[in-house]
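Coordinates in review
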Amino acid sequence: MLSVALITFAGLVALCLAMEKHFGELLKRKPKPGQLPALRWAGWALLVLSLILAVNIRGLAFGLVEWFALVMAGLTLWVFGLPYQPRLLLGLALVSMLLGPVLAALGV
Amino acid sequence: MKRKAGGILLSYRLAVASRCLAALLGGYLLASMASVCITLLVPMTPVDATLTGMMLSFVFYLLAFIWCFACRTATRAWLGVLLPSLALALINGLAYWMKNP
Amino acid sequence: MKEGFRQAMAWLHTWTGLLFGWLLFAIFLTGTLSYFKDEITHWSQPEVQRHQLDPAASLGLAKRYLQSNAATAGSWFIRLPSDREPALSVSWRDPNATGRRGFISHELDARSGERVEVRDSRGGDFFYRFHFQLQMPHPWGRWLATFCALIMLLGLVTGIITHKKIFKEFFTFRPGKGQRSWLDGHNAIGVLVLPFHLMISYSSLLLFMYMVMPASIMAAYKGDSDSYFSELFGRDDAPKAAGVAAPLTDLPALYAKVQTIVPGARIGYLQIANPGDSNAQVTVTQAAADHVAYQRSANWTFDGVSGALLSQGEPESAAMMTSFTIAGLHMGNFAGPWLRWLYFVFGVAGTAVIGTGLVMWLGKRQLKHAKSGRLPFELRLVEVLNIASMSGLLLGVAGFFWANRLLPVGMQGRADWEINVFFLAWALSPLHALLRPGRKAWGEQLALGALAFAGLPLLNALVTGHGLDQSIARGDWAMAGFDLTALGTGLFLAWAAGKMLRTPNVQAKRAPRAAKAASTTAEVN
């Protein structure tokens, strides 16, 4: 389930960055045209992907429940950690983006 | 002036109390009637129909609560819960009579 | 009274939140503790040793114990040890006694099968029972708790309606800005964990719906709730004893049979009707940990003499699956370690939503009286109740655990005294809050709570042989986890106390240092 957790987290961060206010605050620059919609699509795609992965690994009942729990936990971590450790959390999101698919391929 | 303000306050408080009662008791009546109505009318086995009716009843309770505090006057609050309850009660009576003649 | 729907809903949110917030806070906090019910019980009764699980061997031990201690009982009940519950528990009905007294329960060591003399304590079960019975006579506590659940659900719905920028401020939390931050926090915890909040309050209604909304049962079963339940759970009555002695079948063999039906199934408990009689029956029920939903089909009834499979629980209909899933989600029996921790965190989040709401209600109204420094009676009352319901409850919980370790093990009515200490500590809190100004009362009670919680691991190490060093070395993570959580709670309370005891205007800058200082005192204790 670690892969699901990481991909979910990456998806949530992408959705947050897809908002102009947060993009500017976190990345300290203006988004290029088309960048925000791309982030939004990527975010939703990652969330759907992680949900499919979760159901695939854990079955429908456990997969759904655990995916919801991971989404809520990821959001809580992101929103309440952001004012204190924005760089750390952005770094974590980047690592999640890279490590998540690798772990998923390994079946963890 | 002061007495008038006090008077408004009292009538306001009574209205709030009336709305609370309408939500609490009227809402419960509506929820019960709705649950019975669902139980008697859905084409399921008795146990499933009972479960479904009870599970959905709280949605009606919740809506009744919201109605009682969202509508314009306390009288409307009471009417808004009692009239649907009455209508449901009639349907329930009919359905019950048809099932248990 | 109101202009517009949103204002009306804001009014409803504010006032139902205030009136029920205090009780809801207690229900949510004790309910959150209940996710670690078994672990808390394990801490409260450290006499029970944790062993490697071996269900088949445990069944043999339980049978041997029951045969030599309860041979004449009409029915036996065996609960197997699990990852969370180390004891092998056996119970039976004393044939010579009637009523509730006749039910005897013993805890056995899972390796030796010998009875463990545990200290008399309700443990985690106390908090579990309290969160829906509120220590009130039956059925009033359940009614009140269920009504609180409805108010919570109403609070969530009205809160969503009131929240203007639910999507725009979805990811927003701005700390260090007074009332603004409290509102941000309240909204963020409410919205981000909303699926959990909705699930937990709606499912609470479902758990007692047969009691609070019985009209459907009256209509469909003419008020005969017994036949409703027997159709719902699909249970058959146990057969009558034949009066002919016959040896009971081999229980470990039944365990093996269940394993061939459902490979890898964990077994929760066994019910044995008429043991030692030719009409004996054994029902094996799969552990609740194996399914998200409660499953009435997950049990198997065997002939108690030949060991032949007689029947399996009936399958569930779609409506049942819905209801059982919602109930199962509330209980969280299926959750493994990390998911259980998330359940705990979300429970704390729900508690925090209620707490921040109560604090904000007062904070907003306090501003008007900031200059005079004196609060009118009703605001002072809310302040005292806020303090008592939040920090006071925490002191009560800490008191319960201190009592568990300090009351003499052989004391008469020991379990009741643990509960008395809980309520005494809680009751002292409003008295203290009455005597001290608001901020001081908060700070002092939180500081005491910090000491009490951070001191628990130390106390545990001093009076039992289960301190952190021992439990970690033994790999007893339930015991160690309790101590570490208590320590963490203590540190958090010390941080909060530090914030409260500083003067408000320098608070923002000096808070981190204050917290560090306070937590070191707590650690030294």
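Residues numbered from 1 in each chain as written. Chains lettered and ligands numbered in written order. Predicted model: local features only at pLDDT ≥ 70, side-chain atom pairs only at ≥ 80, totals over all residues. Heavy atoms only, no water.

As a further point, take the state of the cysteines. Residues and elements named next belong to chain B. All told, the structure shown has 0 disulfides over all chains when counted by the stated rule. Here Cys20 stays unpaired: no disulfide links it, and the sulfur of Cys68, its closest cysteine neighbor, is 9.2 Å away. Among the residues examined, Cys20 registers a relative accessible area of 36% and is labelled partly exposed. (Disulfide = S-S within 2.5 Å. Buried < 20%, exposed > 50% of the residue type's maximum accessible area, 1.4 Å probe, protein only.)

We now examine the side chain of C:Arg405. Residue and element names in this part refer to chain C. Among the structural elements, Arg405 can be located in helix H14 (residues 377-406). One buried charge, Arg405, has no salt-bridge partner; the nearest side chain with opposite charge is Asp483, at 6.2 Å. Sequence-distant contacts of Arg405, that is, excluding residues within four places in its chain, are made with Trp43, Ser44, Pro46, Arg119, Arg414, Leu459, Asn460, Val463, Thr464 and Met479. (Helix = DSSP H or I, 4+ residues; strand = E, 2+ residues; numbered from the N terminus. Lys, Arg positive; Asp, Glu negative; His and termini not counted. Salt bridge = Lys/Arg side-chain N within 4 Å of Asp/Glu carboxyl O. Contact = heavy atoms within 4.5 Å.)

To continue, consider the packing of aromatic side chains. Taken as a whole, this structure holds 49 aromatic pairs over all chains when the rule is applied. With a centroid separation of 5.6 Å and 85° between ring planes, the pair formed by A:Phe62 and C:Phe334 is classed as edge-to-face. Of this pair, A:Phe62 sits in helix H4 (residues 60-81) while C:Phe334 sits in the loop between helix H12 (318-331) and helix H13 (337-366), placing the two residues on different chains. Look at C:Trp341 and C:Phe344: their rings are 5.6 Å apart centre to centre, the planes differ by 80°, and that puts the pair in the edge-to-face class. Remark: C:Phe344 and C:Trp341 occur in helix H13; sequence separation between them is 3 residues, near one turn of the helix. When its relative accessible area of 15% is taken as the criterion, C:Phe344 is described as buried. Clustering of aromatic rings is evident, with ring pairs tying together C:Trp43, C:Phe126, C:Phe127, C:Phe130, C:Phe400, C:Phe401, C:Phe422, C:Phe423, C:Trp426 and C:Phe482. When the ring centre of C:Trp361 is taken as origin, the NZ or CZ atom of C:Arg365, which lies over that ring, is 4.1 Å away. Lying over the aromatic face of C:Trp43, C:Arg405 brings its terminal NZ or CZ to 3.7 Å of the ring centre. (Phe/Tyr/Trp six-rings, centres within 6.5 Å; stacked < 30°, edge-to-face > 60°. Lys NZ or Arg CZ within 6 Å of the ring centre and 35° of its normal.)

To continue, consider helix H4 (residues 124-133) of chain C. All names here are of chain C. Most of H4 sits inside the fold, with 7 of its 10 residues counted as buried. Buried residues along H4 sit against helix H1 (5-34), helix H2 (37-44), helix H5 (140-162), H12, H14 and helix H15 (414-435). A positive backbone phi angle near 55° is found at Leu134, which sits one or two residues after H4.

All names here are of chain C. In this structure, the second largest pocket spans a volume of roughly 1100 Å³. Around the second largest pocket, the lining is made up of 39 residues, and of these His13, Leu183, His186, Asn187 and Met360 lie nearest the centre. Contributing elements (two or more residues each) for the lining of the second largest pocket: H1, H5, helix H6 (179-192) and H13. Counting residues per element, the lining of the second largest pocket draws most heavily on H1, at 11 residues. In the lining of the second largest pocket, the residues fall into 17 nonpolar, 15 polar and 7 charged. (1 Å grid on protein atoms, 1.4 Å probe; cavity = no way out; pocket = protein on both sides within 12 Å on 5 of 7 lines; lining within 4 Å. Points joined across faces, edges and corners; volume = space filled by probe spheres on them. Nonpolar A, V, L, I, M, F, W, Y, C, P; charged D, E, K, R; others polar.)

It is worth spelling out the interface of chain B and chain C at this point. One frequently used descriptor of interface size is the decrease in accessible area upon assembly of the parts. Tallying the contact residues gives 31 residues for chain B and 37 residues for chain C. Here chain B and chain C share an interface that buries about 3000 Å² over both sides, 79% of which is from carbon and sulfur atoms. It is B:Met54, B:Met55 and B:Phe58 in chain B that bury the most area against chain C; as a group they hold 22% of the surface buried on that side. Taken together, the connections running from chain B to chain C amount to 0 salt bridges. Remark: the boundary between chain B and chain C carries 7 residue pairs in polar contact (both at pLDDT 80 or more). Examining the composition of the side of chain B that touches chain C, we find that 18 residues originate from one element, helix H2 (residues 46-70) of chain B, more than from any other. (Buried area = accessible area lost by both parts, 1.4 Å probe. Polar contact = N/O pair within 3.5 Å; in protein donor to acceptor, adjacent residues only side chain to side chain.)

Our next topic: the domain arrangement of chain C. Residues and elements named next belong to chain C. Assigned domains of chain C: these are domain 1 (5-44 + 127-203 + 332-524) and domain 2 (52-115 + 235-313). Its C-alpha centre places domain 1 at a distance of 39 Å from the equivalent point of domain 2. Each partner contributes to the interface: domain 1 provides 9 residues, whereas domain 2 provides 7 residues. Contact between domain 1 and domain 2 buries roughly 730 Å² in total, counting both sides, with carbon and sulfur atoms accounting for 48%. Per-residue buried area on domain 1 facing domain 2 is highest for Asp38, Asn333 and Phe334; these three make up 65% of the total on that side. Scanning the region where domain 1 abuts domain 2 turns up 2 salt bridges. Between Glu39 and Arg84 there is a salt bridge, and its shortest N-O distance comes to 3.0 Å. Run the count over domain 1 and domain 2 and you get 2 residue pairs in polar contact (both at pLDDT 80 or more). Of the residues forming the side of domain 1 that touches domain 2, the biggest block, 4 residues, is contributed by H2. (Domains from an automatic or database assignment.)

We now examine the side chain of C:His51. Residues and elements named next belong to chain C. Among the structural elements, His51 can be located in the loop between H2 and helix H3 (55-69). His51 gets classed as buried once you look at its relative accessible area, which sits at 18%. Within the structure, His51 has its side chain in polar contact with the side chain of Asp109 (distance 3.0 Å). Ignoring sequence-local partners within four residues, the contact set of His51 consists of Asp109, Ala110 and Arg111.

Let us now look at the arrangement of the chains. There are 2 pairs of chains in contact here, and the one with the most contacts is chains B and C. Between chain A and chain B there is no contact; the minimum C-alpha to C-alpha separation amounts to 20 Å.

This paragraph deals with the packing of H13(C) against H14(C). Two quantities define a packed helix pair, namely the angle between the helix axes and the distance between the axes. All names here are of chain C. Running from N to C, H13 and H14 cross one another at 155°; their axes reach a closest spacing of 10 Å. When the axis of H13 is compared with that of H14, the two are roughly antiparallel. Crossing angle aside, the handedness with which H13 passes H14 is left-handed. Contacts between H13 and H14 involve Gly355, Leu358, Val359, Trp361, Leu362, Arg365 and Gln366 from the first element and Leu379, Val382, Glu383, Asn386, Ser389 and Met390 from the second. (Axes fitted to C-alpha atoms, helices over the stretch in contact; angles between N-to-C directions. Parallel < 35°, antiparallel > 145°, perpendicular 65-115°, else oblique. Left-handed = near helix turned anticlockwise from the far one by under 90°.)

Residues and elements named next belong to chain C. Where helix H7 (residues 194-207) contacts H13, the axes come no closer than 10 Å and their chain directions differ by 85°. As judged from the angle between their axes, H7 and H13 are roughly perpendicular. Here Phe196, His197 and Met199 of H7 come into contact with H13, specifically with Tyr343, Phe346, Gly347, Ala349, Gly350 and Val353.

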